[in-house]
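Architecture and fold: a report
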Amino acid sequence: MNKSLTYGLLLSILMVIAPHANHLPLWVSSLCGMLLLWRAYLNHSGNPLPKAWLLMLITLAGTGGIAVNFHTLFGREVGVTLLMLLATLKLMELRTVRDAMAIIYLALFVIITNFFYSQTIPTALYMLATLFVITGTWVQLHGRDIALEPRLRVAATLLLQAIPLTLILFILFPRVQGPL
């Protein structure tokens, strides 16, 4: 896997989970941060990715810790917490284009979960910036030889082209009364 693509995926996941840091238990935020740093180190050093048994052990320990912390494995808070942990863990097994696509889709899904906690204009602007980074990474995944500036231009063009459809959906989609 391309080193710069991996850094783009790391930045994408970091940007989508960072706003959740004050909603997640401290140990989950710390674990996610350590996993991101470990993956960045592995990418930089060229060392091999961890074995599947180690990732399974971390996954089971993290899931068990979440179950103990929340006393359940169901609900919005637990689901978002599990999603953050599993998205970060997915980076630790990034080997193929399919893995990269799964990470991009996870990042796009996690953007939505940020609006469970805040529906303000600054949150929307931050999520738009995050979406821009994710889209730039997506463009890099499919056009590996594209330099940074043209890649960002393509990402911006794609996002601008999506605005009319977004406005139509905003106007026509039924509104849910009450908080998300």
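Throughout what follows, the structure given in this document is the object of discussion.

About the criteria used
Residues numbered from 1 in each chain as written. Predicted model: local features only at pLDDT ≥ 70, side-chain atom pairs only at ≥ 80, totals over all residues. Heavy atoms only, no water. Helix = DSSP H or I, 4+ residues; strand = E, 2+ residues; numbered from the N terminus. Rg over C-alpha atoms; globule rule 2.2 N^0.38 Å. Buried < 20%, exposed > 50% of the residue type's maximum accessible area, 1.4 Å probe, protein only. Contact = heavy atoms within 4.5 Å. Areas by Shrake-Rupley, 256 points an atom, 1.4 Å probe, with all protein chains shown as cover. Lys, Arg positive; Asp, Glu negative; His and termini not counted. Charge placed at Lys NZ, Arg CZ, Asp CG, Glu CD. Patch = residues over 30% accessible without salt bridge, like charges linked within 9 Å, V, L, I, M, F, W, Y side chains within 5 Å. Salt bridge = Lys/Arg side-chain N within 4 Å of Asp/Glu carboxyl O. Axes fitted to C-alpha atoms, helices over the stretch in contact; angles between N-to-C directions. Parallel < 35°, antiparallel > 145°, perpendicular 65-115°, else oblique. Left-handed = near helix turned anticlockwise from the far one by under 90°. Nonpolar A, V, L, I, M, F, W, Y, C, P; charged D, E, K, R; others polar. Phe/Tyr/Trp six-rings, centres within 6.5 Å; stacked < 30°, edge-to-face > 60°. Core = buried A, V, L, I, M, F, W, Y, C linked by side-chain atoms within 4.5 Å.

Turning our attention to the overall build of the protein chain. When helices and strands are counted, the protein chain shows seven helices and zero strands. Going from the N terminus to the C terminus, the protein chain shows its helices and strands as α-α-α-α-α-α-α. By the compact-globule yardstick of 16 Å for 180 residues, the protein chain fits well, its C-alpha radius of gyration being 17 Å. Dimensions along the principal axes, computed over C-alpha positions, put the protein chain at roughly 45 × 45 × 25 Å. Counting across all 180 residues of the protein chain, residues that qualify as buried make up 37%. Long-range pairs, those at least 24 residues apart, make up 69% of the contacts in the protein chain between residues at least 6 apart in sequence. Of the roughly 10500 Å² of accessible surface on the protein chain, 73% is carried by carbon and sulfur atoms. Of the side-chain charges in the protein chain, 11 are positive and 5 negative, and the distance between the mean point of each set is 2 Å.

Moving on, we get to a nonpolar patch on the surface. A cluster of nonpolar side chains, namely Leu165, Ile168, Leu169, Phe170, Ile171 and Leu172, defines an oily patch on the protein surface of about 680 Å² accessible area. The residue Phe170 is located in helix α7 (residues 148-172) in this model. Overall, Phe170 belongs to the exposed group, its relative accessible area being 54%.

This next bit is on the packing of helix α6 (residues 121-142) against α7. Interaxial distance between α6 and α7 falls to 8 Å at its minimum, and their mutual angle equals 120°. Relative to α7, α6 is oriented oblique. Crossing of α6 against α7: the hand is right-handed. On the side of α6, the interface is formed by Leu131, Phe132, Thr135, Gly136, Val139 and Gln140, while α7 contributes Arg151, Leu152, Val154, Ala155, Ala156, Leu158 and Leu159. Considering only residue class, the contact of α6 with α7 consists of nine nonpolar, three polar and one charged.

Moving on: the packing of aromatic side chains. Under the defined criterion, the tally for this structure stands at one aromatic pair. Where Tyr105 meets Trp138, the ring centres are 5.9 Å apart and the plane angle is 90°; that geometry is what we call edge-to-face. A residue pair is termed long-range when its members are at least 10 positions apart, and Tyr105 in helix α5 (residues 97-113) and Trp138 in helix α6 qualify at 33 residues. Owing to a relative accessible area of 28%, Trp138 belongs among the partly exposed residues under this scheme.

Mapped onto the fold, Leu128 is located in helix α6. Classification of Leu128 by relative accessible area gives partly exposed; the value is 46%. Along the chain, Leu128 and Arg153 lie 25 residues apart, while their C-alpha atoms are 15 Å from each other.

This part takes up unusual backbone geometry. One non-glycine residue with positive phi stands out, namely His71, at about 65°. Mapped onto the fold, His71 is located in the loop between α3 (52-70) and α4 (76-91). Take His71: its relative accessible area is 73%, and that puts it in the exposed class.

By size, the foremost hydrophobic cluster in this structure holds 38 residues, and its most contacted members are Leu9, Ile13, Val16, Ile17, Met84, Leu85 and Leu91. Mapped by element, the contributors of at least two residues to this core are α1 (3-17), α2 (26-45), α3, α4, α5 and α6. Per element, the largest residue contribution to this core is nine residues, and it comes from α4. The contact partners of Ile13, leaving out residues within four places of it in the chain, are Leu36, Ala87, Thr88, Leu91, Ile103 and Ala107.

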